[in-house]
Amino acid sequence: PDDVATQVGEAGVKQVNLYRCLAHAPELLRAWISFAWAPRGNSATSRRMRELMILRTAMLHESHYEWHQHIHMATELGVGDDEVAELESWQSSTMFDSRTRAALAFTDAIVAGKVPDHINDELAAHFNETQRIELTVTAAFYSMVPRVLDALDVPLEEEFAEAKPPPPRTAAPEH
C-alpha cells in the first residue's frame, strides 16, 4: 500500500520481501510494522542488546531470513564479529557480561516455550520492569517471525541469496 511504502521510505528502511508478502493483507502489514518498529525508537533497553537477542532467536529457529536482516542491524550497532561467533555458545563464553547473559538465557527460555523462575529472577536482577517487558516482547515477537517467514515461504532478498546461513542451531540449555 502507498501509505506503507511512504512510511518505510521516510524511515530510511528498504522494502523487504517480508513486507511485500504481508502487503497482501494491508491491515496486518500496517500492524506488523507498527509493532515491530515500536521498540526501535525510545526504549528503556539498548537496541544493541535486543539485536543480540534477535540473532539468538534466528539461530535457534534456524531462520536464514531473520539472521540476514538483523546481522546488519547488529553490526551497525557495534556488535562485533567475535560476539556473533560466540553467540552460538554464549553459555560457556566469557564474551558476554552478566546482564547480556541474563537476556540470552531469557531468550533461550522463551524460544523453548517456558521461562523458569530462576531465569526470571536473574533477569529481574539486571533489568527493571519496563526493560523486562521490552525484552520479553522482543524475544517473543522474534520467535514468531521465523514461523511466519517459513509458513509463507518468504524468500531471502536477492542480495543475501549467496550469504552464509546463521550458525547451526544449538539447543537451549535445560532448565
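Here the structure is shown first, and the text comes after it.
Residues numbered from 1 in each chain as written. Predicted model: local features only at pLDDT ≥ 70, side-chain atom pairs only at ≥ 80, totals over all residues. Heavy atoms only, no water.

1. Here we look at helix α7 (residues 98-112)
Reasoning step 1: Helix length check: α7, at 15 residues, gives a terminal C-alpha distance of 21 Å against a target of 21 Å (1.5 Å per residue), a fit within 8%.
Reasoning step 2: Burial runs high along α7: 11 of the 15 residues are buried.
Reasoning step 3: Along α7, the positions that sit buried rather than exposed are Thr100, Ala102, Ala103, Leu104, Ala105, Phe106, Thr107, Asp108, Ala109, Ile110 and Val111.
Reasoning step 4: Lining the buried residues of α7 we find α4 (47-60), α6 (81-87), α8 (117-126) and α9 (129-152).
Reasoning step 5: Note on α7: the residue one or two positions beyond its end, Gly113, has a positive phi of about 105 degrees. (Helix = DSSP H or I, 4+ residues; strand = E, 2+ residues; numbered from the N terminus. Expected span 1.5 Å × (residues − 1). Buried < 20%, exposed > 50% of the residue type's maximum accessible area, 1.4 Å probe, protein only. Contact = heavy atoms within 4.5 Å.)

2. Digging into the side chain of Glu83
Reasoning step 1: Its location among the elements puts Glu83 in helix α6.
Reasoning step 2: The exposure class of Glu83 is buried, given its relative accessible area of 10%.
Reasoning step 3: Other than its neighbours up to four places away in sequence, Glu83 contacts Arg48, Leu52, Gly78, Met95 and Phe96.

3. Things to note about the pattern of salt bridges
Reasoning step 1: The full count for this structure, using the stated rule, is 5 salt bridges.
Reasoning step 2: For Asp3, the salt bridge is made with Arg30, and the minimal N-O distance between the two is 2.7 Å. Highlighted residues: Asp3 in helix α1 (residues 2-10) and Arg30 in helix α3 (residues 26-37), separated in sequence by 27 residues.
Reasoning step 3: Residue Asp3 is classed as partly exposed on the basis of its relative accessible area, which comes to 42%.
Reasoning step 4: Close ionic contact of Arg56 with Asp108 constitutes a salt bridge, the shortest N to O distance being 2.7 Å. Linking Arg56 in helix α4 with Asp108 in helix α7, this pair joins segments that are 52 residues apart in sequence. Asp108 matches Arg56 in its accessibility class, with the two residues each being buried.
Reasoning step 5: In this structure, a network of salt bridges that share partners links the residues Asp3, Glu27 and Arg30. (Salt bridge = Lys/Arg side-chain N within 4 Å of Asp/Glu carboxyl O.)

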